Amino acid sequence: MLQFDVITIFPELIQQAVSYGLLGKACEQNLLAVQAHDLRAFTEDKHRRVDDQPYGGGPGMVLQVEPVVRALEEITDETKKVRKILLSPRGEVFSQVKARDFTEYEQIILICGRYEGVDARVLSYVDEELSIGDYVLAGGEFASLVTLDAVARLLPGVVGDEASLAEESHSQNLLEYPHYTRPEVFRGQKVPDVLLSGHHQQIKEWRQAQAEGLTQERRPDLWKKSR
Ligand code: SAM
């Protein structure tokens, strides 16, 4: 079972978010476990402060190295294969390939920054910095949840029909073909005839052509990789 541990100043946010849908069900069925740890529980400051002003001046506050490293040391399970990750817009960008790689671990620790970020000395205690995209969030919590969600649905048993994982967007560097469900006609827009034909081979070919066409048009970078 994969154990996620999230270090954050907003543990309730993580705990709440993972109680819904697929993630909630997977936790109930013990296919994965998620625990959020309050960073403030690891400080010795009597006011439970975990941030301070940046050396050298400048705007904003910085999360201190000591509570983060203490949390990491307490949470790490030495008997497990562990990946320690600092969420950061400066990290390597998350991808489906990375999500798959993370399923090989038994414990993943996600550190959520806030304010201007985390004291740079934390970097010598983690395995990598991970970004979820080229934009800046107010904190690492949503980035953690994105990472967790993408990894969790690749774990055996979490998604009911695992065949759907093989065809979906990014699994073979292709975007997925479009889906339709009832009704057959909506305000004059009709479902493509081939999908109603019951001809499995033609449906398969139509879907492959759609996936390739969409990828060529929208994501030439992926299209190149898929060849
Ligand atoms: N001053 C930092 C910079 O310019 O690189 C940005 C700090 S950001 C306001 C606060 C925290 O949000 C970061 O420490 C990180 O944990 C998280 N964060 C923001 N954007 C992110 C992204 N694209 N991917 C992952 N984490 C992100």
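Residues numbered from 1 in each chain as written. Predicted model: local features only at pLDDT ≥ 70, side-chain atom pairs only at ≥ 80, totals over all residues. Heavy atoms only, no water.

Re the sheet that holds strand β1 (residues 2–8)
Spelled out, the test is: Pairing between two strands is assigned when DSSP locates at least 2 bridges connecting them. A run of H or I in DSSP counts as a helix once it spans at least four residues, and a run of E counts as a strand once it spans at least two, with each numbered from the N terminus. Think of each axis as a best-fit line through the C-alpha atoms, taken over the contacting stretch in the case of a helix, with angles from 0 to 180 degrees between the N-to-C directions. Pairs of residues are marked as contacts when any of their non-hydrogen atoms sit within 4.5 Å.
Ordered in space as β2-β1-β6-β5-β7, the five strands form an open sheet in which the pairing is parallel. Both outer strands of the open sheet, β2 (32–38) and β7 (128–131), are each paired with one neighbouring strand and no more. Going from strand to strand, the sheet's axes swing by 30° on average, the running direction of each strand aside. Note: strand β5 (residues 82–93) against β7, five bridges, orientation parallel. Within β7, the residue paired with V93 across the bridge is S131. Taken strand by strand, helix α5 (residues 141–152) contacts β1, β2, β5, β6 (107–111) and β7, and its axis lies near 175° from that of β1.

A few points about the side chain of E176
So the rule is basically this: For the exposure calls, accessible area comes from a 1.4 Å probe over protein chains only, and a residue counts as buried if that area is under 20% of its type's maximum, exposed if over 50%, partly exposed in between. Positive residues here are Lys and Arg, negative ones are Asp and Glu, while His and the chain termini are left out of the count. The salt bridge criterion pairs a side-chain nitrogen of Lys or Arg with a carboxyl oxygen of Asp or Glu, the two atoms within 4 Å. Polar contacts, as used here, are pairs of N or O atoms within 3.5 Å; protein pairs need one atom able to donate a hydrogen and one able to accept it. Residues neighboring in sequence count only if both atoms are side-chain atoms.
For E176, the location among the structural elements is in the loop between α6 (163–167) and β8 (185–186). It turns out E176 is buried and unbridged, and the closest side chain with the opposite charge, R207, is 7.9 Å from it. Among the polar contacts listed, one links the side chain of E176 to the side chain of H179, at a separation of 2.7 Å. With near-sequence residues (within four places) excluded, E176 lies in contact with E167, E168, S169 and L214.

Thoughts on the layout of surface pockets
The condition is simple: Computed over the protein atoms alone on a 1 Å grid, cavities are sets of points where a 1.4 Å probe fits but cannot get out and pockets are open sets with protein on both sides within 12 Å along at least five of seven lines; a residue lines them when it has an atom within 4 Å of a point. Grid points are joined across faces, edges and corners, and a volume is the space filled by probe spheres set on the points. Side-chain classes are defined by residue name, with Ala, Val, Leu, Ile, Met, Phe, Trp, Tyr, Cys and Pro counting as nonpolar, Asp, Glu, Lys and Arg as charged, and the others, Gly among them, as polar.
Reported here for the largest pocket is a volume of approximately 750 Å³. Along the wall of the largest pocket there are 36 residues; nearest its centre are R114, E116, G117, V118 and D119. Of all the elements in the fold, those that place two or more residues in the lining of the largest pocket are β4 (62–63), β5 and β7. If you tally residues by element for the lining of the largest pocket, the top one is β5, at five residues. Split into classes, the residues belonging to the lining of the largest pocket amount to 20 nonpolar, nine polar and seven charged.

Nothing here speaks to function; it is geometry throughout.
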